[in-house]
Amino acid sequence: MKDLPVNQIVCGRAEDVLKEMPTSSVDLVFGSPPYEDARLYNMDFKLKGQAWVDWMVPIIKECVRVCKGLVAFVVEGRTRQFQWSATPVLLMADLHRAGITLRKPPAYHRIGIPGSGGPDWLRNDYEFIICCTNGGKLPWSDNTAMGQPCKYEPGGAMSYRTQDGYRRNKRTGVRLHRKRRCSGEMEEQAYNPPKKANPGNILTCKVGGGNMGSKLAHENEAPFAEQVVEFFIKSFCPPDGITLDPFSGSGTTLAVAEKFGRRWMGIDIRESQVELSKKRIKEQK
Ligand SMILES: C[S@@+](CC[C@H](N)C(=O)[O-])C[C@H]1O[C@@H](n2cnc3c(N)ncnc32)[C@H](O)[C@@H]1O
């Protein structure tokens with residue numbers, strides 16, 4: 001692949017297409033692979049347990065190679081006969097052992113899931129979002145992009161923790177916090193609260209009941225909500241950046257990237273899904 005097919009969807013196997021892509025050519029990878037044999041996708045996809053993990057590790061390694069920033073995948077295992085397959089954590093363990101840098105996985109918390117979780121267990125409300133990088137600080141992030149303005153202004157009731165805790169600037173009333181200098185002395189600094197609070201790592205999204213963002217999403221067997229993609233794109237893809245989804249399905253990631261002015265690239269093994277995502281992007285434009 002000489003030039004990156006920007007704003008295009010490639011029909012092919014992610015494991016083959018990724019190998020052809022230039023190193024550090026995209027800014028964010030976001031997607032969700034088939035979850036073991038949960039759905040066969042009309043192509044008899046049956047990898048499960050360690051075989052599924054062994055399939056995913058080289059794909060994620062390639063994603064880390066082609067991506068300058070964050071590589072994030074929403075994943076889930078299977079529960080059968082009262083046992084969870086644990087594949088998300090097995091995958092994280094194998095990626096860690098393979099030398100890939102992991103960031104703590106946020107939870108994709110889905111509101112509106114009617115499933116029961118089984119006769120003796122709890123309803124499954126969240127899925128892991130496995131996050132990997134090349135190591136070090138992310139080249140670009142806006143970790144308060146999805147945050148809310150702080151609830152409380154600095155100030156409020158006087159703190160009595162004056163010995164080791166906080167004091168106030170006598171003139172402005174701004175809270176001071178203490179920082180130890182190299183010399184060991186304590187230095188007091190003004191506390192400037194951020195404009196928006198960090199939203200945290202539990203991403204609560206409405207799903208089902210017309211909340212996925214587009215009716216076309218339901219033509220894929222396992223779409224995720226536009227809301228979860230918006231979170232990652234606004235937080236981890238720079239405004240002029242490119243987001244890649246190697247399992248693009250109905251094109252949720254691509255449509256959201258388009259919506260928020262990012263460039264994008266999709267890969268899906270099925271022609272039906274490539275056509276579906278083209279329709280989805282058209283709808284978005
Ligand atoms: C969980 S779905 C993705 C759904 C997508 N996030 C959405 O919102 O519509 C997984 C997709 O991976 C595709 N797929 C399965 N194996 C693949 C492979 N080896 N390479 C690329 N795509 C594959 C399937 O066709 C399916 O559309």
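Scroll up for the structure.
Here is what the cut-offs are and how they apply
- Residues numbered from 1 in each chain as written.
- Predicted model: local features only at pLDDT ≥ 70, side-chain atom pairs only at ≥ 80, totals over all residues.
- Heavy atoms only, no water.
- Helix = DSSP H or I, 4+ residues; strand = E, 2+ residues; numbered from the N terminus.
- Expected span 1.5 Å × (residues − 1).
- Buried < 20%, exposed > 50% of the residue type's maximum accessible area, 1.4 Å probe, protein only.
- Contact = heavy atoms within 4.5 Å.
- 1 Å grid on protein atoms, 1.4 Å probe; cavity = no way out; pocket = protein on both sides within 12 Å on 5 of 7 lines; lining within 4 Å.
- Points joined across faces, edges and corners; volume = space filled by probe spheres on them.
- Nonpolar A, V, L, I, M, F, W, Y, C, P; charged D, E, K, R; others polar.
- Arc of directions from axis to C-beta.

A. Spatial organisation of helix α2 (residues 49-66). With 18 residues, α2 should cover 26 Å at 1.5 Å per step; its first-to-last C-alpha distance of 26 Å lies within 8% of that length. Those residues of α2 that fall on the buried side of the exposure criterion are W52, V53, W55, M56, V57, I59, I60, E62, C63, V64 and V66. The secondary structure elements touched by the buried residues of α2 are α1 (14-19), β2 (26-31), β3 (67-75), α3 (87-97), β8 (126-133) and β13 (242-245).

B. Fine view of the layout of surface pockets. The volume enclosed by the largest pocket comes to roughly 1,100 Å³. Around the largest pocket sit 37 residues that line it, and E76, G77, R110, N124 and E127 are the ones nearest its centre. Sorting the residues of the lining of the largest pocket by element identifies β5 (83-84), β7 (107-111) and β8 as the ones contributing at least two each. It is β8 that contributes the most residues to the lining of the largest pocket, three residues altogether. Tallied by class, the residues present in the lining of the largest pocket amount to 17 nonpolar, eleven polar and nine charged.

C. Representation of α3 within the structure. Listing the buried residues of α3 in full gives T87, P88, L91, M92, D94 and L95. An end-on view of α3 places all buried positions within 165° of arc, on one side of the element. Every exposed residue of α3 that faces more than 90 degrees away from the buried side is listed here: H96 and R97. Buried residues in α3 make contact with α2, β3, β5, β6 (101-103) and β8. Immediately beyond the C-terminal end of α3, within one or two residues, lies G99, with a positive phi of roughly 90°.

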